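# A look at the structure
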Amino acid sequence: MELAQRVQQLPPYLFARISQLIAEKRAAGVDVISLGIGDPDLPTPPHILDALKAATDIPANHRYPESDGTPEFRRSIANWYQKRHGVTLDPDREVVPLIGSKEGIAHFPLCLINPGDVSLITDPGYPVYEVATMFAGGETVKIPLHEEDGWLPRLEEIPADAAARAKILWLNYPNNPTGAIADLAFFERAVAWAKAHGVAIAHDLAYADVAYDGYEPPSILQVDGARDVAIEFNSLSKAFNMTGWRVGMAVGNAELVNALTRVKTNMDSGIPQAIQAMAMAALDGPLDAIDEHNAIYTRRRDRTIAVLRELGLRVEPPKASLYVWARLPEGERSSADFAGRLIDQTGVVVTPGMSYGQAGEGYIRISLTTPDDRLNEALDRLAKFARGERVI
Ligand SMILES: *Cc1c(COP(=O)(O)O)cnc(C)c1O
């Protein structure tokens, strides 16, 4: 049996060394604490769960859903965009619900990429854009991001040949892994660049509602004319602690939304209807939980930053996302070595920045989704380590 090249070409598991270290430590009886994974620890709010429970009693919800979601759920999404971003969407032409935004992101290159076409992706970045492009037969060209630019791409430095072959420019602000944000002025420049080069923008707004200090992340669709070129992926996962329920959406350019819907119709049968009912309860219902969760993340963020600074890492408080992105102390070169040493000497797991691309080397990512008691224990250990004390 010879597996297809698309499977053989999947990137090697970059955490392999870290995973092995974790396994060794656990085997030696160490209580390992992972600050690596971006998956909210807090439960889905009760009124949203109640809507799911009620929806399971309705026999119509036991049957196949439609790939493009119920009309009511699409309207809910359009209302959500109006309420949160002041963006008016046609629920029947400019909205498609997704089985988690990752599903739509992974399928989207099938809409635009022919063999040899290019996706422009940022380095560092969320790995799905690259793999999804490869699955569609395309190639990726990486745009390196730099701290001094606030981790925004230098659009004017995208090579002309890459721009000429490009079909998609992937953007993701608030950003995973860097926690960087983009303002509307940046999105305006990106839309102008995309129009000038005949490239579609796929904007990943997974962290639309995870923000701090009063900051409100914008939608790229707030830019005039953005919907001529842009599709935006959004999700209930991080906003409502709903990663386990798998529900997201793509909105924006009607032709792209239609193409993605047609791809999906041939691959899946949509989101279970009871979960669509649940998602409507989230979008249409009270939003206090979002502020409450963000207040918890803010406290975790500030405690984490204080300890990272004791460790000699350089870090600015992120205004959004679930991540603290910290620069290694002077003289430390390898994020994997640094992360390995932390596991070995403290039992605390952080993600090496190079896992998200070469330009992430020299940084580590810490997720704020660890329960408070565990996070406090991890931070106590790191503080002891910083003082040169023996930890485990
Ligand atoms: C979490 C995350 C997603 C995926 O979210 P789902 O809607 O749960 O699939 C997409 N993009 C980024 C950058 C993420 O961090």
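Since the structure is predicted, the reported quantities are computational estimates derived from the model, not experimental observations.

What counts and what doesn't
Residues numbered from 1 in each chain as written. Predicted model: local features only at pLDDT ≥ 70, side-chain atom pairs only at ≥ 80, totals over all residues. Heavy atoms only, no water. Helix = DSSP H or I, 4+ residues; strand = E, 2+ residues; numbered from the N terminus. Rg over C-alpha atoms; globule rule 2.2 N^0.38 Å. Buried < 20%, exposed > 50% of the residue type's maximum accessible area, 1.4 Å probe, protein only. Lys, Arg positive; Asp, Glu negative; His and termini not counted. Charge placed at Lys NZ, Arg CZ, Asp CG, Glu CD. Pairing = 2+ DSSP bridges. Contact = heavy atoms within 4.5 Å. Axes fitted to C-alpha atoms, helices over the stretch in contact; angles between N-to-C directions. Salt bridge = Lys/Arg side-chain N within 4 Å of Asp/Glu carboxyl O. pLDDT = per-residue confidence, 0-100. Near = heavy atom within 4 Å. Polar contact = N/O pair within 3.5 Å; in protein donor to acceptor, adjacent residues only side chain to side chain. Areas by Shrake-Rupley, 256 points an atom, 1.4 Å probe, with all protein chains shown as cover. Nonpolar A, V, L, I, M, F, W, Y, C, P; charged D, E, K, R; others polar.

## Considerations on the overall build of the protein chain
Check the secondary structure of the protein chain and you find 14 helices and twelve strands. The C-alpha radius of gyration computed for the protein chain amounts to 21 Å, which stays within 12% of the reference 21 Å derived for 392 residues, consistent with globular compactness. Seen through its principal axes, the protein chain has C-alpha atoms that stretch 60 × 55 × 55 Å. Looking at the protein chain residue by residue over its 392 residues, the buried ones come to 57%. If you average the places of the 39 positive and of the 52 negative side-chain charges in the protein chain, the two averages end up 3 Å apart.

## Structural notes on the sheet that holds strand S11 (residues 351–352)
Spatially, S9-S12-S11 is the arrangement adopted by the three strands of the open sheet, whose pairing is antiparallel. Edge positions in the sheet fall to strand S9 (323–327) and S11, since each of these pairs with one other strand and no more. On the sheet, helix H12 (residues 288–310) packs against S9 and strand S12 (363–367) and is oriented at approximately 15 degrees with respect to S9.

## Concerning the sheet that holds strand S4 (residues 139–144)
Either a parallel or an antiparallel arrangement is found when strands of a sheet pair, and the pairing is made through backbone hydrogen bonds. Spatially, the seven strands line up as an open sheet ordered S2-S8-S7-S6-S5-S3-S4, and their pairing is mixed. The open sheet has two edge strands, strand S2 (95–98) and S4, and neither has a second partner. Shown here is a sheet whose adjacent strand axes are inclined to one another by a mean of 25 degrees, direction ignored. Relative to strand S5 (residues 166–171), strand S3 (residues 118–123) runs parallel, the two being bridged by three bridges. Pairing of serine 119 across the sheet is with isoleucine 168, part of S5. Along the sheet, helix H4 (residues 71–85) makes contact with S2, strand S7 (230–235) and strand S8 (248–252), crossing S2 at roughly 110 degrees. The sheet contacts of helix H9 (residues 184–197) involve S3, S5 and strand S6 (200–204), and relative to S6 the element is tilted by about 150 degrees.

## A word on the pattern of salt bridges
The tally for this structure, following the rule as stated, stands at 28 salt bridges. Put simply, aspartate 68 and arginine 74 hold a salt bridge, and the shortest N to O gap is 3.6 Å. Overall, arginine 74 belongs to the buried group, its relative accessible area being 8%. Across the pair aspartate 302 and arginine 301 runs a salt bridge whose closest N-O atoms are separated by 2.9 Å.

## Some details on the environment of valine 95
For valine 95, the location among the structural elements is in strand S2. Excluding its chain neighbours within four sequence positions, the residues that come into contact with valine 95 are Arg74, Ile77, Leu89, Asp90, Ala250, Val251 and Val257.

## So, the confidence of the model for the protein chain
The predicted model of the protein chain averages 96 in pLDDT, with 99% of residues at 70 or higher. Ranking the helices and strands of the protein chain by mean pLDDT puts S6 first, with 99, and helix H2 (residues 16–27) last, with 87.

## Looking at the environment of isoleucine 105
Tracing the backbone through its elements, the reader meets isoleucine 105 in helix H5 (residues 101–107). Taking the C-alpha atoms as reference points, isoleucine 105 and phenylalanine 385, separated by 280 residues in sequence, lie 40 Å from one another. Apart from residues lying up to four places away in sequence, isoleucine 105 is in contact with Val128, Tyr129, Ala132, Trp170, Asp204 and Phe233.

## Here we look at the side chain of threonine 304
Within the element layout of this structure, threonine 304 appears in helix H12. Residue contacts for threonine 304: discarding those within four places in its chain leaves Val324, Ile366, Leu368, Leu375 and Leu379.

## Looking at the site of the ligand
The immediate surroundings of the ligand are formed by 14 residues, with Asp204, Tyr207, Ser235, Ser237 and Lys238 found nearest. Between an oxygen atom of the ligand and a side-chain N or O atom of arginine 246, the distance comes to 2.7 Å. Computed on the free molecule, the ligand has an accessible area of 390 Å², of which 94% lies beneath the protein chains in the complex. Ranked by residues supplied to the shell around the ligand, first place goes to H5 with three residues. Residue composition of the shell around the ligand, by class: four nonpolar, six polar and four charged.

## Some remarks on the environment of glutamate 255
Along the polypeptide, glutamate 255 turns up in helix H10 (residues 254–265). Glutamate 255 sits 121 residues away from asparagine 376 along the chain, and the two C-alpha atoms are 48 Å apart.

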